Number of protein chains: 8
Amino acid sequence: MTSVDLTGELNSILTDVAAGRLGIGEALRLLQRADGGNGHHRAAFMNLDHARNGRTGFIEAVYCELLATRANARHAEAAIAAIPDIEYHADARLLRRLDLKRKVIAAPVGVVSAGTSDLAVAEEAALTIETVGHDPRRHYDVGVAGLHRVTGIREDLNRCGCVIVVAGMEGALPSVVAGLISRPVIAVPTSVGYGAALGGLAALLGMLAGCAPGVSVVNIDNGFGAAVAACRINTPAERTSHE
Amino acid sequence: MTSVDLTGELNSILTDVAAGRLGIGEALRLLQRADGGNGHHRAAFMNLDHARNGRTGFIEAVYCELLATRANARHAEAAIAAIPDIEYHADARLLRRLDLKRKVIAAPVGVVSAGTSDLAVAEEAALTIETVGHDPRRHYDVGVAGLHRVTGIREDLNRCGCVIVVAGMEGALPSVVAGLISRPVIAVPTSVGYGAALGGLAALLGMLAGCAPGVSVVNIDNGFGAAVAACRINTPAERTSHE
Amino acid sequence: MTSVDLTGELNSILTDVAAGRLGIGEALRLLQRADGGNGHHRAAFMNLDHARNGRTGFIEAVYCELLATRANARHAEAAIAAIPDIEYHADARLLRRLDLKRKVIAAPVGVVSAGTSDLAVAEEAALTIETVGHDPRRHYDVGVAGLHRVTGIREDLNRCGCVIVVAGMEGALPSVVAGLISRPVIAVPTSVGYGAALGGLAALLGMLAGCAPGVSVVNIDNGFGAAVAACRINTPAERTSHE
Amino acid sequence: MTSVDLTGELNSILTDVAAGRLGIGEALRLLQRADGGNGHHRAAFMNLDHARNGRTGFIEAVYCELLATRANARHAEAAIAAIPDIEYHADARLLRRLDLKRKVIAAPVGVVSAGTSDLAVAEEAALTIETVGHDPRRHYDVGVAGLHRVTGIREDLNRCGCVIVVAGMEGALPSVVAGLISRPVIAVPTSVGYGAALGGLAALLGMLAGCAPGVSVVNIDNGFGAAVAACRINTPAERTSHE
Amino acid sequence: MTSVDLTGELNSILTDVAAGRLGIGEALRLLQRADGGNGHHRAAFMNLDHARNGRTGFIEAVYCELLATRANARHAEAAIAAIPDIEYHADARLLRRLDLKRKVIAAPVGVVSAGTSDLAVAEEAALTIETVGHDPRRHYDVGVAGLHRVTGIREDLNRCGCVIVVAGMEGALPSVVAGLISRPVIAVPTSVGYGAALGGLAALLGMLAGCAPGVSVVNIDNGFGAAVAACRINTPAERTSHE
Amino acid sequence: MTSVDLTGELNSILTDVAAGRLGIGEALRLLQRADGGNGHHRAAFMNLDHARNGRTGFIEAVYCELLATRANARHAEAAIAAIPDIEYHADARLLRRLDLKRKVIAAPVGVVSAGTSDLAVAEEAALTIETVGHDPRRHYDVGVAGLHRVTGIREDLNRCGCVIVVAGMEGALPSVVAGLISRPVIAVPTSVGYGAALGGLAALLGMLAGCAPGVSVVNIDNGFGAAVAACRINTPAERTSHE
Amino acid sequence: MTSVDLTGELNSILTDVAAGRLGIGEALRLLQRADGGNGHHRAAFMNLDHARNGRTGFIEAVYCELLATRANARHAEAAIAAIPDIEYHADARLLRRLDLKRKVIAAPVGVVSAGTSDLAVAEEAALTIETVGHDPRRHYDVGVAGLHRVTGIREDLNRCGCVIVVAGMEGALPSVVAGLISRPVIAVPTSVGYGAALGGLAALLGMLAGCAPGVSVVNIDNGFGAAVAACRINTPAERTSHE
Amino acid sequence: MTSVDLTGELNSILTDVAAGRLGIGEALRLLQRADGGNGHHRAAFMNLDHARNGRTGFIEAVYCELLATRANARHAEAAIAAIPDIEYHADARLLRRLDLKRKVIAAPVGVVSAGTSDLAVAEEAALTIETVGHDPRRHYDVGVAGLHRVTGIREDLNRCGCVIVVAGMEGALPSVVAGLISRPVIAVPTSVGYGAALGGLAALLGMLAGCAPGVSVVNIDNGFGAAVAACRINTPAERTSHE
């Protein structure tokens, strides 16, 4: 999986699809070509980051013969109007084609979060994992006041190839999980919180400073990035193909 | 308890005591007078903060008819040479007179820390609590990887009037403790850690952002301040005297 | 009191109540169940933090068989339409059921603020205190230019079990109050101010750096958190129940 | 692997070993006991973080029946004087017992760095990997001006179970490596640089913001943490033991 | 080229032009006069920065007998309605008069960017270069995953007088380009990205800390500033005129 | 002059005035009473800061028997509809009553700014100075590229009692002015600029770090505060009245 | 008064004076010449800032026909050995010639500080004021816990031409003083404190955000700068000379 | 010119040279080989950055067949003992071989600084320029209080191919210079100053935010980097050689 920026093309392609000026097959061909024809991207994700004007909102979309993240309701409407087999997950702000789901033989990937406020980021991770054919194991009930609940899921997490832990505010959960299991942990700080939470920076710094064994961290709210890293981890070296 | 700055006087007084030019009784009288003769400070702590030149090291000393914090070995030697009943706690960098310990009838005050690296701050808190006559209940074995151990001490902490939780790095411990007990929690971030720990800022921000119920926070490494707040909490309103 | 995140459920529950599809009793049962059936939460607050997308606004709601904070006019309308005994405090952005107010035998809790700009946070604290059965003592007239007025309320504050001091901008008020009384002080920085106020960070840092005796601090604008901590403080250790 | 803080014990144990008051076998027994007798730590690393006073220097030591990181020359002398089979790596500031090296059947772990200035952190990672029985594959010649050299090692890195990339200053290397290979990448920012490098924060932020596919990040200069995460990744889920 | 602030005048002039109350020739005369009649500005750019209220959006416009940057659709409409020979580049948010393009005999100026998300800033630079008569050489296909592509354009860049490199997120591209060519490089960080990207600060710090040879940096998103610097560089000392 | 917060009252009073439910005389009486009847505020300014919700916009109003700062068009309409002798300065976002202007015998107060983008802040200062009876001497034509122009106004500034210098971006102007004149300089950083300007922080830090002789600084965009300080400076000690 | 950097020359001049190679008269001539012969500096201060390598310590010296600030004991020894009429103030780290003190007919200048920890900065201000012939009125007993004491000195401060208020930690004192008096206040934050004090930044931000009437701020620990500003304020416009 | 890190090798090579174990010719061969034999580096600079442990001091050395920057007295002694034709510039902390100075036919390069406190950085730039054969034109007398002096050197600077402006504290000088001349300006912020100067960050941010025409910026104290960029600028595109 790799990432390219093609928001401009994406918008016009989607618009054309929505307007009936462009068929889905042709759209996918265009999306692949937008990647520059670079061989080893062909079957890959395309990660569209566009944050023109910094703070005013952005769209980040990823296509794996159709997976789009950070899609809002407006994007979803346009896509659904044009493409029959597509589904929209409003919580995770994610669009994906149903007929393209792959299935990989591998250990499951744990996705743990503290509560419903971190749900969107956790679901972005879980759905991405699912789309590329891995098996997400969701545990969304591990709140700050119920850290001891993690003991109940310890065995299940230890059977995972990798565990993603999503947490906002003080970001304590990854340290706790990593202390109880022996699998690699990818921590995702979220922008949940206010004041001293500094838009997710407090959680990010805490996760990095925590020095818990086997924990590594991705950017704030980057559920997609965590999923990509987890799936790489979950694929044995000998099984990856290198064109 | 209140705080005044009198490092200058303190140094010359200690030097004179060490040199035999000044008796202890007289020293204590001078220390009281240094407070400006302000009535309601008389039986109180004197908190000496002196951080001239910011980062180059500092001394913070507190006297309750003799309690001094942030005293290094050199300070200790001078004081011990001059004052027979004084003891020095190297870990907590704390000096205190043995014959002045008071005893207050009150619930114990819990002091919880994650490990030996936070010990100095935890001991500064515990010894301060002890000196003003309250009863510290130490629990220093609650590491990041053993957060579940806190369940073993839950009942003991619930019997405390207040619980101080000392933690560095990601500062997760106070949230966990506060989620398990019903007593007020005072969190003390420590400057333990490096890189993203930002000298204690990551722990401080995490503790504030954590929004755990009943948790409030003091400055980085401020074990003394936490102890003063805890003892105020641990003293019923009707029992405090107001000159 | 503890906190869980259940914005999703909350929204659908409130929507159903507003639409007449759900009775209040059933709503409360669902709200309790949303907490996961965890025993020691049953009679407790539920704190809903949801700041999806960081800066774009958020809702934080707390239910004690009905107390909701950070409720805007739209939330209020929906709730009032559905629940007869509910009242909305627009200043404090707080919703609560009238018939559920408890009464606890305890010292009053002081709530001091600098002026009307900090009013919303102070009222969030005061109404929370009131709802859980404690007795808030409001002093909202202690401006920057009238710090000497605090001397007039000194005796009253010294009779409180605990004093919450709400202040924005330079955050000087808690230090001043704590220097005059002998009760524990919980400082709440507010996001009032602009430029160097840095959205409340200047007040937060000042309160922590101030090292005033007996002061501890909660997150910016967190009037609810301060109230929870104050009520814990104000409840003697022997009186708290530990399931 | 997990981490505990036991600097105090460590110091007295090492001192006693150095003074001949304590045999090595007994020292190791004590070191194991210091961990609290917690079963699943027994054969594990012990990570000693002690940064009392924040900026003034610190020691972080890790024992795997003897592996110590962040050991300075003085620590090394004491250990070598007492323990015959120990070796000191001055560059990596790492002490380890020679007779305890394990051998695990697994893919190699790549360790890539930009130059000799990042060498200490890269070696801390590589030696840790080696000590726990995995096979580090060092590539230390990939400078800023020679990023194209990475193409020469691409095949070798793709055969690794995981690749650690160590980089200071702008932290560009992990993005570049991750764009060329399909294995998981753990990025380690280093404190190399001055001014706008902000002691490693620029590299850290860049690595997180880079959004390169499959990259996750650990704390600044934390070669040990990266190694622990890499070895967890490099051990298939079914092969980890869970006591 | 130099910069003056004259938003007020600009707005009323544009409004008058749009309303037909003012002819273009007169408008240009007024715009020149607004510069204060200062001789050496006469044939120069006028750089209008107006960010009243900091974060809420701004207009920065530059006139060279008509070049305006940071013009939104509304500005464009007004200008186009009034001035026949004007064209609007929506991507670059740039307005310019077609009949005023100059042509300078000089080496081309390279403009390199990582992808379409940085396109707006790159185009702001390229169109500015073009307008003042220099020759921009665009290379917008050099993504994070295709840094090796830069080798394909190396010869072309080495023939440029100066190369502008636009990059967001981790800001790695300028270091890589500067390591491969021998011409001066001006790096432009962009505000693309979220979380740890800190609105472009991560890229900015990385570019400065990178210490790549021959790289200097301008403000975040400042494509215009980079173009002005590049054109100064691209004009030999003897050819510049000094009134 | 002093400041109180009374946004709540202010809004209802203005609304009532606008709705004809309240006469102006009564409104002013209420506004005076809102100050709490505190004697030494009676003839003074009332400074209304209200930034509830931090970044979402705010109103700061100051009344000197009617002076209001940070009034937007909506506020202005309401006030003008109700109060005949009031004028609104849109640039400075300032409302004031015409019949209340005082005249003080004193040296003029210089108000210098770099350009039209800093105009709003400069005008807030100048109009405040004028309203309390002092004589502002405006110099708004001193741009970054025309710092030498300040030599032309040097004599005029040296005749002022005090000089306010308003500057955004790098904040260089106050240092330059203070180096050329012998009068006290009050520097006002503005939030003009983007990226590295950090909403005015770059200018603020530069002005403080500049160490130019006789310069002191007020908060970002605080033209009113600078005016109040300047008028205090411009009033000889013996002439101030102390109730 | 103005400032130039001439540490290099200063060091060699002082060394030569200390070694007897240079007479005092000649040294002063050289010091004046070092200023570049610029007319309007001749009778003025020379402010030497030298902080090569940022954090490693620095010397800042000011000469008014001999006044030197930030002089350490080593500088003092050298100067005293060479110049008979010189005195060294260790607290304020200030050297000055006794025979050069001037006397100006003006109101006194108040210098207020919170305690002995801020003494060095307060004395740097007071001695500078004294040296240029103004009359400092010291009030060093206004601690955090005794803010009400300021009421006792209110009348005295209101008779001053200007009041300097020195405060560390939360920086509350200037707001309080400015609320009680009608004279201009110059606030000096100090680097006293630790943790959240951030080396004086918390005090600095608080003073700026405080928005107290008539307060302006200088750099952290800049007692000299405050004194220069205060003396400019304290000199009526008509009395300043402009060469 | 490009940069590699080879501190380790450098140290052993220098040590061997100093000990007579290695001849100079052989040392230079080794230094060239250390670069990896990469063709286009052969005749180039080698930039050695080594800041192990961030704040504790570092060495950055650059060799152009011998040019070393950031060399302290100890480094100098070793080098001088071993290499006869070498000279040490203590102010600029720079070592260079005398017999290797080249001469290039090109316009001069201006080096402007505010005063002696910025001298070290300015000299690092000037000596680097000189060593690679370009002609530095030093102007070190342009202080904050004498910005108008720059008018006297305007003509001289306009004849330069490029102008480096070194400035600490508020970093105003580059904006002023760039406003007066038409040549490209490279700004170098220095770490001179204290408090709000934030170790050079205030100057850095100011220079970037200043938006002066034709200015670009390098890292704090990076005189060498500015010189390398300036020499690239000063070499016409057609004259650079591309192996």
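Note that the structure is a prediction, hence the values are computed from the model and not measured. (Residues numbered from 1 in each chain as written. Chains lettered and ligands numbered in written order. Predicted model: local features only at pLDDT ≥ 70, side-chain atom pairs only at ≥ 80, totals over all residues. Heavy atoms only, no water.)

Attention now goes to the packing of helix α7 (residues 201-209) of chain F against helix α7 (residues 201-209) of chain H. At their nearest, the axes of α7 of chain F and α7 of chain H sit 8 Å apart, and the two run at 130° to each other. When the axis of α7 of chain F is compared with that of α7 of chain H, the two are oblique. The two elements α7 of chain F and α7 of chain H cross, and the hand of that crossing is left-handed. Residue-level inspection shows Ala 202, Leu 205, Gly 206 and Ala 209 of chain F of α7 of chain F in contact with α7 of chain H, the latter providing Ala 202, Leu 205, Gly 206 and Ala 209 of chain H. Class assignment of the residues belonging to the contact of α7 of chain F with α7 of chain H gives a composition of six nonpolar, two polar and no charged. (Axes fitted to C-alpha atoms, helices over the stretch in contact; angles between N-to-C directions. Helix = DSSP H or I, 4+ residues; strand = E, 2+ residues; numbered from the N terminus. Parallel < 35°, antiparallel > 145°, perpendicular 65-115°, else oblique. Left-handed = near helix turned anticlockwise from the far one by under 90°. Contact = heavy atoms within 4.5 Å. Nonpolar A, V, L, I, M, F, W, Y, C, P; charged D, E, K, R; others polar.)

In this section: helix α8 (residues 223-233) of chain C. Buried residues dominate α8 of chain C, accounting for eleven of its eleven residues. Listing the buried residues of α8 of chain C in full gives Gly 223, Phe 224, Gly 225, Ala 226, Ala 227, Val 228, Ala 229, Ala 230, Cys 231, Arg 232 and Ile 233 of chain C. (Buried < 20%, exposed > 50% of the residue type's maximum accessible area, 1.4 Å probe, protein only.)

Here we come to the pairing of strand β4 (residues 86-89) of chain C. All names here are of chain C. Direction of pairing for β4 relative to strand β5 (residues 94-97): antiparallel, over a ladder of four bridges. The residue of β5 that forms the bridge with Glu 87 is Arg 96. Hairpin geometry of β4 and β5 is characterised by an intervening segment of four residues between the two adjacent antiparallel strands and by a positive phi of about 50° at Arg 93. (Pairing = 2+ DSSP bridges.)

We now examine the confidence of the model for chain A. Residue and element names in this part refer to chain A. Averaged over every residue, the pLDDT of chain A is 72; residues scoring 70 or more account for 63%. Ranking the elements of chain A by mean pLDDT puts strand β1 (residues 46-50) last with 31 and strand β9 (residues 185-189) first with 96. Ignoring residues within four places in sequence, the model shows residues 31-65, a span with pLDDT below 50, making 117 contacts including any to other chains. Predicted complex, confidence summary: ipTM 0.76, pTM 0.82. (pLDDT = per-residue confidence, 0-100.)

What follows concerns the sheet that holds strand β5 (residues 94-97) of chain H. Within a sheet, neighbouring strands are paired by backbone hydrogen bonds and run either parallel or antiparallel to one another. Residues and elements named next belong to chain H. With antiparallel pairing, three strands are arranged side by side in an open sheet as β3-β5-β4. Edge positions in the open sheet fall to β3 (67-68) and β4 (86-89), since each of these has one partner strand only. In this sheet, β5 lies alongside β3 in antiparallel orientation, the contact comprising two bridges. Looking at the pairing, Leu 67 lines up with Arg 96 of β5. Strand contacts of helix α4 (residues 119-131): β3, β4 and β5, with the helix running at about 15° to β5, the strand carrying the most contacts.

Now for unusual backbone geometry. Most of the time, phi is negative for any residue but glycine, and the peptide bond is trans. The phi angle at Leu 198 of chain C is positive, at roughly 50°, despite the residue not being glycine. A positive phi is found at Asp 221 of chain D, a non-glycine position, where the angle reads about 65°. Relative to the elements of secondary structure, Asp 221 of chain D occurs in the loop between β10 (215-217) and α8 (223-233).

So, on to the pattern of salt bridges. By the definition in use, this model includes 55 salt bridges over all chains. The residue Arg 96 of chain E makes a salt bridge to Glu 130 of chain E at a minimum N-O spacing of 2.9 Å. One end of the pair, Arg 96 of chain E, is in strand β5 (residues 94-97); the other, Glu 130 of chain E, is in helix α4 (residues 119-131), with 34 residues separating them in the sequence. Several salt bridges converge on common partners, so that one network encompasses Glu 87, Arg 96, Glu 123, Glu 130 and Arg 138 of chain A. (Salt bridge = Lys/Arg side-chain N within 4 Å of Asp/Glu carboxyl O.)

A separate point is the sheet that holds strand β3 (residues 67-68) of chain A. Residues and elements named next belong to chain A. The sheet built from three strands is open, its strands ordered β3-β5-β4 with antiparallel pairing. Of all the strands in the sheet, the pair left with one neighbour each is β3 and β4 (86-89). Contacts between helix α4 (residues 119-131) and the sheet are confined to β3, β4 and β5 (94-97), with β5 contributing the most and set at about 15° to the helix.

For any two helices packed against each other, the geometry is given by the interaxial angle and the distance between the axes. All names here are of chain E. In contact at an axis separation of 10 Å, helix α5 (residues 150-158) and helix α6 (residues 173-180) are set at 65° when each is read in the N-to-C sense. Relative to α6, α5 is oriented so that their crossing is right-handed. Counted together, Val 150, Thr 151, Arg 154, Leu 157 and Asn 158 of α5 and Val 176, Val 177 and Leu 180 of α6 form the full contact between these two elements.

Turning our attention to the environment of Val 165 of chain H. Residue and element names in this part refer to chain H. Along the chain, Val 165 turns up in strand β8 (residues 162-167). Put simply, Val 165 and His 139 are 26 residues apart on the chain and 9.4 Å apart in space, counted from C-alpha to C-alpha. Ignoring anything within four residues of it in the chain, the contact list for Val 165 reads Val 112, Leu 173, Pro 174, Val 177, Val 185, Ile 186, Ala 187 and Val 188.

All names here are of chain F. Inspection of every chain in the model, using the stated rule, returns zero disulfides over all chains. In this model Cys 162 remains outside any disulfide bridge; the closest cysteine sulfur is found in Cys 160, 8.5 Å from its own. Judged by relative accessible area, Cys 162 falls into the buried class, the value being 0%. (Disulfide = S-S within 2.5 Å.)

When a protein is soluble and globular, its nonpolar side chains tend to lie buried together. Core analysis: the largest hydrophobic core is formed by 61 residues, its most contacted members being Val 177 of chain B together with Val 177 of chain C. Take this core: its biggest share by element is six residues, from helix α7 (residues 201-209) of chain B. Aside from chain neighbours lying at most four places away, what touches Val 177 of chain C is Val 150, Leu 157, Val 163, Val 165 and Val 185 of chain C. (Core = buried A, V, L, I, M, F, W, Y, C linked by side-chain atoms within 4.5 Å.)

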